[in-house]
Amino acid sequence: MTFPDIETIQGLSSEQVAARLRTFGYNELPEHKKVGIAEIILEVAREPMFLLLVASGLIYFFLGDITEAVMLMSFVLVIIGITIYQERKTERALEALRNLSSPRALVIRDGEQRRIAGREVVPGDILILSEGDRVPADGILLSSNNLTVDESLLTGESVPVRKIPWIEGLKEQAPGGDDQPSIYSGTLVVQGQALAEVRTTGSRTEMGKIGTVLQEVSRDDTRLKREITSMVKIIATCGLLLCLIIVIIYGIGRGDWISGLLAGITLAMAILPEEFPVVLTVFLALGAWRISQEHVLTRQVPAIETLGSATVLCVDKTGTLTLNKMTVQSFFAHDEFCDYDGAGENSVPDYCHELSEYAILACKKDPFDPMEKALVQLSEGNFGKTEHIHKDWKLITEYPLSSELLAMSNVWQSPDGHEFTIAAKGAPEAIGDLCHFSEQEQKKLAEQIDIMASRGLRILGVAKSSFSRSELPSIQHDFIFTFLGLIGFADPVRPGITEAVNECYAAGIRIIMITGDYPRTAQNIANQIGLVNADNYLVGADLDRLSDEELKERLKTATLFARAVPEQKLRIVNALKANHEVVAMTGDGVNDAPALKSADIGIAMGGRGTDVAREASSLVLLDDNFTSIVSAVRLGRRIYDNLKKAMAYIFSIHIPIAGMSLIPVLFDMPLILMPMHIVFLELIIDPTCSIVFEAEKEEQDIMNRLPRSADERLFTPKTLFLSLMQGFVVLGVVLLVYLHSLMSGLGETEVRSMTFITIVLANLLLILTNRSWSETIISTIRTPNKAMGWVFVGTISSLVLILTVPALRDLFRFSQVSAEGIITCILAAGVSVLWFEAWKLWNLRKNQTSQYLQGI
Ligand code: ATP
């Protein structure tokens with residue numbers, strides 16, 4: 001189990017890497033086919049809206065109305081254009097996420113360790129593999145320390161296999177079986193560490209040969225999608241039935257089947273809710289992209305939906321709430337405490353030298369762990385040039401930290417001696433245990449730990465031992481250790497955490513801290529960040545003694561779990577879920593994976609998390625920062641809100657359009673809307689519902705409301721009622737304008753112009769009023785929405801053009817409208833949304849009064 005000195009390995013140079021990338025290409029499998037333009041066009045061509053447009057274009061064509069036909073066909077092109085744009089934007093957002101979430105690799109290049117994207121690995125690269133990593137390419141092991149790999153992806157065999165270093169002459173074999181020196185791309189390191197040399201990459205790997213691609217960002221079906229699909233089905237069926245009735249009434253009543261067919265097609269175009277599914281896809285894909293701007297990567301799109309209903313956030317302490325940047329702050333040795341400020345060289349007092357020396361000896365040579373880094377720094381500042389650093393000692397073996405024993409030991413051999421020196425460090429209780437402390441001694445130790453821990457310090461105990469026999473024991477317990485003392489590390493709380501915690505509380509989200517650290521330390525940090533009820537903590541060992549029912553009860557109030565091991569997280573998640581909570585849980589290690597998978601929202605740490613944890617999670621926190629989770633929750637709520645607004649708008653705007661296509665036919669009155677009018681309206685509705693509402697800012701109270709119930713539907717009876725009301729009121733007003741202008745003796749084209757102008761203006765006002773369901777148009781107008789600006793400018797200028805350019809006016813079967821007429825349309829449109837504005841004001845007043853009453 002010898003490990004070559006990583007520091008002496010150079011790996012490939014940047015030039016070699018560039019050359020190999022040119023020769024062998026990126027380490028990736030041919031991706032699933034990208035959606036090409038031809039495919040998008042084909043997809044659009046299958047859309048009912050498209051078919052209806054083409055059908056009406058053809059009818060006009062056969063009727064000899066060539067300009068009308070050409071116009072409709074050019075709209076077809078515009079619709080294809082918009083769809084390609086939306087599809088591209090969605091694909092690009094998902095593509096960027098896929099690239100971000102692909103596995104990473106730790107390699108040695110130019111003599112330095114570098115974490116790179118898995119796709120950049122080239123043959124000849126030296127890989128450092130550790131527990132939880134996905135192997136990025138095929139290769140052979142140069143050295144290994146208990147390396148065990150799960151190769152089930154390739155072999156179907158679920159039992160992990162042991163690996164051994166490669167020796168000259170050994171043949172490479174197919175995957176599977178113990179004691180092989182080869183490792184394969186896509187397999188998972190479940191235990192141990194190793195150094196490996198990459199032999200093949202990309203499609204030349206075993207995985208490439210069988211063409212399996214790991215599932216990354218998925219476009220899964222969500223509950224929302226199912227809800228919307230069923231809604232679309234219902235509306236489409238009713239709509240088509242209505243169309244059929246119209247065609248028949250028109251055909252039989254007026255004896256004009258062609259016009260009847262056109263009226264039917266117009267109605268179908270007016271009713272078909274084809275925007276619903278498009279809006280959902282665009283919102284979720286762009287939502288994932290927006291969330292990634294907050295350093296949170298979405299691996300499973302449904303998580304975006306769930307984020308807004310999260311009621312509990314279970315978070316790790318170290319690195320998530322704190323910076324995970326350790327500095328040595330204090331020592332306890334020879335029954336004396338000593339503060340250390342790190343100022344000046346050789347400032348560690350003499351009586352703490354042995355303690356520091358053994359703590360350093362118990363570190364990895366090239367440490368990654370921040371506590372070990374702090375110890376190495378201590379060594380460089382104090383013992384670099386003294387006898388305390390043993391550059392010529394050889395590391396013989398290491399006993400790793402485990403959930404059962406929170407301590408690790410390194411076994412060293414000096415060049416002259418036959419004796420081994422053992423340095424151990426770990427949780428103070430575990431070190432006390434290794435030193436075979438009596439109950440009395442453990443109690444005394446606990447008092448000393450408490451003194452340091454109550455300052456929020458993270459504490460390590462240190463012990464030493466020596467061994468002269470040649471065969472080392474299999475467990476650390478079999479050495480005879482001598483206790484040397486304690487070292488306290490400070491790990492500052494991340495900036496902005498207290499504010500984020502308060503934001504969560506205001507949003508009705510509980511926070512539970514689950515940490516492997518000592519209770520007092522955890523409690524101090526909990527108090528620093530303002531965690532409520534931090535006194536009511538539970539330690540891992542006590543948790544084990546609770547029954548599931550008792551745990552469920554405790555979890556109604558508990559906010560802090562200390563000395564917990566990852567395996568216990570699963571029990572916590574399950575108990576919380578049994579309490580009907582919607583749980584978001586963070587984790588980074590291999591053992592966190594089951595809990596991450598079981599949580600409603602599993603959140604892996606991107607910086608220090610293993611590939612296994614990332615794969616089990618629905619979100620990945622790129623900066624490991626708790627505040628980013630809160631930002632993601634806020635965005636999740638905003639996306640859901642906007643989706644709701646967009647859907648309500650689509651619902652309401654279709655009512656006047658459908659109504660005005662239907663009523664004139666039913667009552668044998670002049671027709672108002674023809675296919676091109678509908679297309680004109682659709683050209684406003686489409687970008688509005690997908691792009692304008694998607695970009696809408698969050699409501700002010702977004703983090704002051706309780707989480708949405710997990711099974712709340714997008715269309716609650718209240719939303720449905722309000723959006724139907726919006727639509728029917730607009731329809732009523734438009735009908736009044738229509739009837740009034742008919743009764744004033746205006747001609748058909750004038751009546752159509754007036755009615756159409758009213759519909760278009762009411763449509764714009766519906767957009768304005770739906771931007772917020774709590775604030776009035778006047779207060780939202782101050783919040784800019786660029787996309788909305790473009791839609792407004794585009795709509796009004798097109799309307800002016802159509803009404804003033806004679807050729808266009810004729811095409812739309814309009815005539816000039818008097819200034820008085822225009823003013824009537826504007827007033828009518830304004831009136832159509834007034835009631836909703838009044839309803840918002842009434843709600844605002846009510847809320848203010850109840851807040852005031854709560855305050856007194
Ligand atoms: P969190 O779960 O919030 O990240 P944590 O990082 O303290 O908390 P673990 O990493 O599980 O949790 O560590 C638990 C305990 O194990 C630590 O409090 C410490 O006593 C001990 N420990 C952790 N890392 C080391 C190490 N490198 N050497 C020795 N002991 C360690």
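Since this is a predicted model, take the numbers as computed values, not measurements. Residue positions are counted from 1 within each chain, in the order its sequence is given. Given that the model is predicted, a residue must reach a pLDDT of at least 70 before its local features are reported, and side-chain atom pairs must reach 80 or more before they are shown or counted; all residues, however, enter totals for whole chains, interfaces and linings. Calculation of side-chain values draws on the structure's entire complement of heavy atoms; hydrogens and water are dropped beforehand.

### Structural notes on the overall build of the protein chain
- When helices and strands are counted, the protein chain shows 29 helices and 22 strands.
- Seen through its C-alpha atoms, the protein chain measures out along the principal axes to roughly 115 × 75 × 50 Å.
- Relative accessible area decides the class of each residue, using a 1.4 Å probe on protein chains only: under 20% of the type maximum gives buried, over 50% gives exposed, and in between gives partly exposed. The buried share of the protein chain, taken over its 856 residues, is 54%.
- Contact criterion: two residues are considered in contact whenever any of their non-hydrogen atoms come within 4.5 Å of each other. Pairs at least 24 apart in sequence give 73% of the contacts found in the protein chain among residues at least 6 apart. The helix and strand labels rest on DSSP assignments: H or I over at least four residues marks a helix, E over at least two residues marks a strand, and numbering proceeds from the N terminus.

### Let's talk about the state of the cysteines
- A pair of cysteine sulfur atoms is labelled a disulfide when the two atoms are within 2.5 Å. Under the criterion given, the structure shown has zero disulfides.
- No disulfide involves C338; its sulfur sits 4.6 Å from that of C352, the nearest cysteine.
- Accessibility expressed as a relative area gives 14% for C338, which makes it buried.
- C314 provides the cysteine sulfur closest to C504, a residue in no disulfide bond, and the two sulfurs are 12 Å apart.

### A closer look at the site of the ligand
- A molecule or strand has a residue near it when one of that residue's heavy atoms lies within 4 Å. What surrounds the ligand is a group of 20 residues, the closest being K317, T318, K425, R458 and R563.
- N or O atoms within 3.5 Å of each other form a polar contact, as long as, within protein, one can give a hydrogen and the other can take it, and as long as residues adjacent in sequence are counted only when both atoms are side-chain atoms. Take E372: an N or O atom from its side chain is 3.4 Å from a nitrogen atom of the ligand.
- Contact distances for the ligand include 3.0 Å between an oxygen atom and a side-chain N or O atom of R563.
- Surface accessibility follows the Shrake-Rupley procedure with a 1.4 Å probe radius. Residue values consider only the protein chains on display as shielding. Out of a free accessible area of 610 Å², the ligand has 84% covered by protein chains.
- Counting residues per element, the ones that place at least two in the shell around the ligand are helix 12 (370-382), strand 14 (420-426) and strand 15 (458-467).

### Considerations on the sheet that holds strand 20 (residues 583-587)
- A pair of strands is labelled paired if DSSP reports no fewer than 2 bridges between them. Strand order in this open sheet of eight strands is 8-22-21-20-9-17-19-18, and the pairing throughout is mixed. Each of the sheet's edge strands pairs with one partner strand only, and the pair in question is strand 8 (296-298) and strand 18 (537-539). On average, adjacent strands in this sheet sit at an angle of 20 degrees to one another, irrespective of strand direction.
- Relative to strand 22 (residues 619-621), strand 21 (residues 601-605) runs parallel, the two being bridged by three bridges. The residue bridging A604 from the neighbouring strand is V620, located in strand 22.
- Lines fitted to the C-alpha atoms define the axes, with helices restricted to the stretch that makes contact. Angles between their N-to-C directions range from 0 to 180 degrees. On the sheet, helix 19 (residues 566-578) packs against strand 9 (312-315), strand 17 (510-514), strand 19 (560-562) and strand 20 and is oriented at approximately 170 degrees with respect to strand 20.

### Looking at the pattern of salt bridges
- Salt bridge, as applied in this entry: a Lys or Arg side-chain nitrogen positioned within 4 Å of an Asp or Glu carboxyl oxygen. Under the definition given, this model contains 28 salt bridges.
- Between R114 and D110 there is a salt bridge; the shortest N-O distance is 3.1 Å.
- Residue classification places R114 among the partly exposed positions, given a relative accessible area of 27%.
- By relative accessible area, D110 is classed as partly exposed at 31%.
- Measuring nitrogen to oxygen at the nearest pair gives 3.4 Å for the salt bridge that ties D701 to R705.
- What emerges from the salt-bridge pattern is a single network uniting D110, E112 and R114.

### Section: the sheet that holds strand 13 (residues 407-413)
- Ordered by their spatial adjacency, seven strands build an open sheet running 11-10-16-15-14-13-12, and the pairing between neighbours is antiparallel. Edge positions in the open sheet fall to strand 11 (336-339) and strand 12 (394-399), since each of these has one partner strand only. Mean inter-strand twist for the sheet, computed between neighbouring axes without regard to direction, equals 25 degrees.
- Across five bridges, strand 12 lies against strand 13 in antiparallel orientation. Within the sheet, the bridge partner assigned to K394 lies in strand 13 and is Q413.

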